[in-house]
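Here's the letter readout for the chains.
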Number of protein chains: 2
Amino acid sequence: MTTNSATPTPPADSLPFRIVEKGTLTSPRGFRVGAVCGDIKYGGGRKDVALIISDFPAEAAATFTTNQVKAAPVRVSMRRMKRGKMRGVIVNAGNANACTGVEGLENAKEMVKCAAKAVGCDEREMLVCSTGRIGVQLPMDKVRKAITDAHAALGDNGHSAAEAIMTTDTFPKELVVEFELDGATVRIAGIAKGAGMIHPKMATMLSFITTDAAIDKATLRSCVQQAVDFTFNRISIDGDTSTNDTVIVLANGQAGNETLTSDHKQVGLFQKALQYVMKKLARMIVEDGEGISKIVEVAVKGGKTMRDAKSAALAVARSMLVKTSWCGEDPNWGRLMDAIGYSDARVREELVEIYYDGILAVANGQPSKTPFEQLRKVAQKKSFTITIQLHLGDGEYNIVTTDLTEKYVELNKGE
Amino acid sequence: MTTNSATPTPPADSLPFRIVEKGTLTSPRGFRVGAVCGDIKYGGGRKDVALIISDFPAEAAATFTTNQVKAAPVRVSMRRMKRGKMRGVIVNAGNANACTGVEGLENAKEMVKCAAKAVGCDEREMLVCSTGRIGVQLPMDKVRKAITDAHAALGDNGHSAAEAIMTTDTFPKELVVEFELDGATVRIAGIAKGAGMIHPKMATMLSFITTDAAIDKATLRSCVQQAVDFTFNRISIDGDTSTNDTVIVLANGQAGNETLTSDHKQVGLFQKALQYVMKKLARMIVEDGEGISKIVEVAVKGGKTMRDAKSAALAVARSMLVKTSWCGEDPNWGRLMDAIGYSDARVREELVEIYYDGILAVANGQPSKTPFEQLRKVAQKKSFTITIQLHLGDGEYNIVTTDLTEKYVELNKGE
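Residues numbered from 1 in each chain as written. Chains lettered and ligands numbered in written order. Predicted model: local features only at pLDDT ≥ 70, side-chain atom pairs only at ≥ 80, totals over all residues. Heavy atoms only, no water.

All right, on to the overall build of chain A then. For chain A, the count of helices and strands is 11 helices and 16 strands. The C-alpha radius of gyration computed for chain A amounts to 22 Å, which stays within 12% of the reference 22 Å derived for 415 residues, consistent with globular compactness. Burial statistics for chain A: of 415 residues in total, 63% are counted as buried. Contacts in chain A between residues at least 24 apart in sequence constitute 80% of all its contacts with a sequence separation of at least 6. Accessible area for chain A stands at about 14500 Å²; split by element, carbon and sulfur atoms hold 50% of it. Between the mean site of the 52 positive side-chain charges and the mean site of the 49 negative ones, chain A shows a separation of 3 Å. (Helix = DSSP H or I, 4+ residues; strand = E, 2+ residues; numbered from the N terminus. Rg over C-alpha atoms; globule rule 2.2 N^0.38 Å. Buried < 20%, exposed > 50% of the residue type's maximum accessible area, 1.4 Å probe, protein only. Contact = heavy atoms within 4.5 Å. Areas by Shrake-Rupley, 256 points an atom, 1.4 Å probe, with all protein chains shown as cover. Lys, Arg positive; Asp, Glu negative; His and termini not counted. Charge placed at Lys NZ, Arg CZ, Asp CG, Glu CD.)

As structure tokens, this is what we get:
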């Protein structure tokens, strides 16, 4: 792996692909979106149901929450992913359809059925996602009507899907890139929702990616898994992993490129572009974290193993004391030492170095000679990187996380 | 183990021992305390250095932080605990002497040396503790003077030690019980400090226990380990485990009882009394948690194993979303389901029951018929118990924890 999210993203003009300005989920050929107000929770004209379809059967790859308590739509979609090509996804916001028992499972299946019927495809070609409040049954009369309406609204208005999946998000998250493969122009478009409950092993997040690339199923799945591991699985806001997290990628082959396989010489370009889209969406999720005031990248290096580096990074990203000190713009490295010390990572205190945006704060486990005010200047930035060098091996792990603020508590006190 | 901290503590008059009103650390025979203002950090007449001694060599037992980053005094005291009887402890607040390298280690040793010299005992009979800011060298001139002053102040003013070890604590924590053993009256006295960084595997907490019971070393150590496991290791405020946590118990035998051994018929009474003292001190630590507004006991039952029950309980106690919902007095059991689902505990969603103070909120993994307002009434109490029944085995684990408030963030933003 050469990917290292501590390295600043290169400027767009040096990327081997282009950003499509004002691109949406329907920018890749052969995709349509219909998004409507289903009055699931929010009422008042707020879009909350979206139907995303490919006009042609598409290869599909997905990753789902590792939480043992899985929402009904997650169970239904996971089962469907075991088989062949897909035509689309029906998604609602406002109600998670989680902890809803047999009735919830039936409702998720019915969402699939209604959507498949409207589209005119096999039920097994339709996936389903939900996000929102846990433990409340879906208002199925409204949902059924919304699905019919969404189908009627199908068109190239891809942006509306990015809006419809929002819950406490303050802005829609979408990005489209394009590049050439065998002379064909390929596009990859993505949308995401995030806000709270964001932590590796997937967050309360949904993300949908459409691409018109031709790619075989195994190659697509491997590309998606790696891209998710290095992007959506490397962000943490509050350490909570939700019941509904899902990333779905549909590739319908309409670009007309030679089908990508694992030994195709340009599969790396596709992988890079896909990972870039996911990385940018993941960053948008963090930037839109509930009530946050800082974005901090924690880069652990020199772990005895990668697993050690990951344990240390996660302990830091989850520590309430560390996160509150960031909120207070206090370069309190003592709390970092404390957090790595109680993590499962092997740590030899006297070897540890800690840097704030490259400025040495701790050497040999003790305060460096860097003046406090110089460290504080870094801690006052909206976004900075903390690098922790353990000097015990080659294990590395990076995670993008946030501070813990009074505003976070205030926003999450009630639902 | 019959101990179950979910069971309300029986009223004091049914206990097999008595609470000693206004008792202090010097209530047991043969102990003296000297506490003075050493101007270590706080200045202004605030006591911050205490010398606790037994006039007779005492059996000693201790537990220390499991954090790999251990403060210098922890390293020094751990080494000393490997040998024989002890005469006392020198302790300071305001400076943790952690992440201070070789100089810090030398300073911790010098504290021991100064205290032993003043008391007139062997250096190896003296323990040392520190608590406060990490990464700052101790002002040793002040410390040396304070130790001399503390020795000059030695007397039966045990309460002053409870005051001197406070950092952000808002009240001193102390408790004394007494009971008869073989016709002799035995006393167990304890003090503690807590506030932030409180989590199992020991918290940023110090606790000192004195007793005039005669007990052999092995029996004392086994009693202390069990008592700590069921008390100080079962509280969590912010999930952080500090570099300095230490519990020290000194037993000097001056009560004149027949020496307690593991097969003495009254060792259970001693154990019970010791655990009671620690449990009450642990509860006081939680009640004094920085900026908290609720105390919540999380009792997990029916875990496949005890380890599973513990994983589930800790996931709940650490979840920022769960803790903020408590702050908002919201009986948001969905967040509890989510937390146990991502814990390492085995969970079968459809078997889970959740109770708020015994009132059913979740049955078979879904909302019960209990009206929301009834659950909210429990969540509005200052203190309540959440019981999670997993129905997968006999594993049980309880932990006492708190909510996460805006005030916590505010208090911990700076040092």
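Having seen it, we continue.
Moving on, we get to the relation of the copies chain B and chain A. Between the two copies of this chain, the relationship is a rotation about some axis together with a displacement along it. Turning chain B through 180° and shifting it by 0.0 Å along the axis lays it on chain A, with an RMSD of 0.0 Å. Such values leave the two copies arranged in the relation of a two-fold axis. For chain B, the smallest separation between a C-alpha atom and the rotation axis is recorded for Glu-406 of chain B, amounting to 2.2 Å. Take the interface residues of chain B: 100% of them recur as interface residues in chain A, which is what a same-surface contact looks like. (Least-squares fit on C-alpha atoms with pLDDT ≥ 70 in both.)

Glancing now at the packing of helix α7 (residues 306–318) of chain B against helix α8 (residues 320–327) of chain B. All names here are of chain B. Two elements in contact, α7 and α8, have axes separated by 5 Å at closest approach and are oriented at 60°. By the criterion of interaxial angle, the relationship of α7 to α8 is oblique. In this structure, α7 contributes Val-316, Ala-317 and Arg-318 to the contact, and α8 contributes Met-320, Val-322, Lys-323 and Trp-326. Residues that form the contact of α7 with α8 fall into these classes: five nonpolar, no polar and two charged. (Axes fitted to C-alpha atoms, helices over the stretch in contact; angles between N-to-C directions. Parallel < 35°, antiparallel > 145°, perpendicular 65-115°, else oblique. Nonpolar A, V, L, I, M, F, W, Y, C, P; charged D, E, K, R; others polar.)

With that settled, consider the interface of chain B and chain A. Taken together, the contacts link 58 residues of chain B with 58 residues of chain A. Both faces considered, chain B and chain A share a buried interface measuring about 4800 Å² in area, 51% of it formed by carbon and sulfur atoms. Viewed at the interface, chain A and chain B are joined by two salt bridges. Among the ionic pairs, Arg-75 of chain B bridges to Glu-349 of chain A, the shortest N-O distance being 2.6 Å. On inspection of chain B and its partner chain A, the count reaches 16 residue pairs in polar contact (both at pLDDT 80 or more). Within the residue set of the side of chain B that touches chain A, elements represented by two or more residues are α2 (101–119), α8, α9 (333–342), β14 (366–367) and α11 (406–412) of chain B. By residue number, the principal contributor to the side of chain B that touches chain A is α9 of chain B, which donates eight residues. When the residues that make up the side of chain B that touches chain A are grouped by side-chain class, the tally is 18 nonpolar, 23 polar and 17 charged. (Buried area = accessible area lost by both parts, 1.4 Å probe. Salt bridge = Lys/Arg side-chain N within 4 Å of Asp/Glu carboxyl O. Polar contact = N/O pair within 3.5 Å; in protein donor to acceptor, adjacent residues only side chain to side chain.)

For the rest of this paragraph, the subject is the pattern of salt bridges. What the rule picks out here adds up to 48 salt bridges over all chains. Between Glu-178 of chain A and Arg-18 of chain A there is a salt bridge; the shortest N-O distance is 2.9 Å. Placement of Glu-178 of chain A in strand β6 (residues 173–181) and of Arg-18 of chain A in strand β1 (residues 18–19) is noted, with a sequence separation of 160 residues between them. For Arg-144 of chain B, the salt bridge is made with Asp-141 of chain B, and the minimal N-O distance between the two is 2.7 Å.

Core analysis: the largest hydrophobic core is formed by 67 residues, its most contacted members being Trp-333, Ile-354, Tyr-356 and Ile-388 of chain A together with Phe-208 of chain B. Looking at which element gives the most residues to this core, the answer is helix α7 (residues 306–318) of chain A, with seven residues. Sequence-distant contacts of Trp-333 of chain A, that is, excluding residues within four places in its chain, are made with Ile-354, Tyr-356, Ala-361, Val-362 and Pro-367 of chain A together with Cys-99, Ile-134 and Gly-135 of chain B. In this structure, Ala-71 and Ala-98 of chain A together with Ala-313 and Ala-339 of chain B belong to the second largest nonpolar core, which totals 66 residues. (Core = buried A, V, L, I, M, F, W, Y, C linked by side-chain atoms within 4.5 Å.)

Looking now at the pairing of strand β6 (residues 173–181) of chain B. Residues and elements named next belong to chain B. Counting buried positions over the nine residues of β6 gives eight, a clear majority of the element. With two bridges connecting them, strand β1 (residues 18–19) and β6 associate as antiparallel partners. When the bridges of β6 are listed, Ile-19 appears paired with Val-177. What sits between β6 and strand β7 (residues 184–193) in their antiparallel hairpin is a turn of two residues, with Asp-182 showing a positive phi close to 55°. (Pairing = 2+ DSSP bridges.)

For the rest of this paragraph, the subject is the packing of aromatic side chains. Residue and element names in this part refer to chain A. Enumeration over the complete set of coordinates arrives at four aromatic pairs over all chains. Aromatic side chains Tyr-356 and Phe-384 sit 6.3 Å apart centroid to centroid with 25° between the ring planes, which places their arrangement in the stacked category. With a gap of 28 residues between them, Tyr-356 in strand β12 (residues 353–356) and Phe-384 in strand β15 (residues 383–389) connect regions that are remote in the sequence. In this structure Tyr-356 comes out as buried when scored by relative accessible area, which is 1%. In this structure, Arg-234 is placed above the aromatic ring of Tyr-397, and the distance from its NZ or CZ to the ring centre is 3.9 Å. (Phe/Tyr/Trp six-rings, centres within 6.5 Å; stacked < 30°, edge-to-face > 60°. Lys NZ or Arg CZ within 6 Å of the ring centre and 35° of its normal.)

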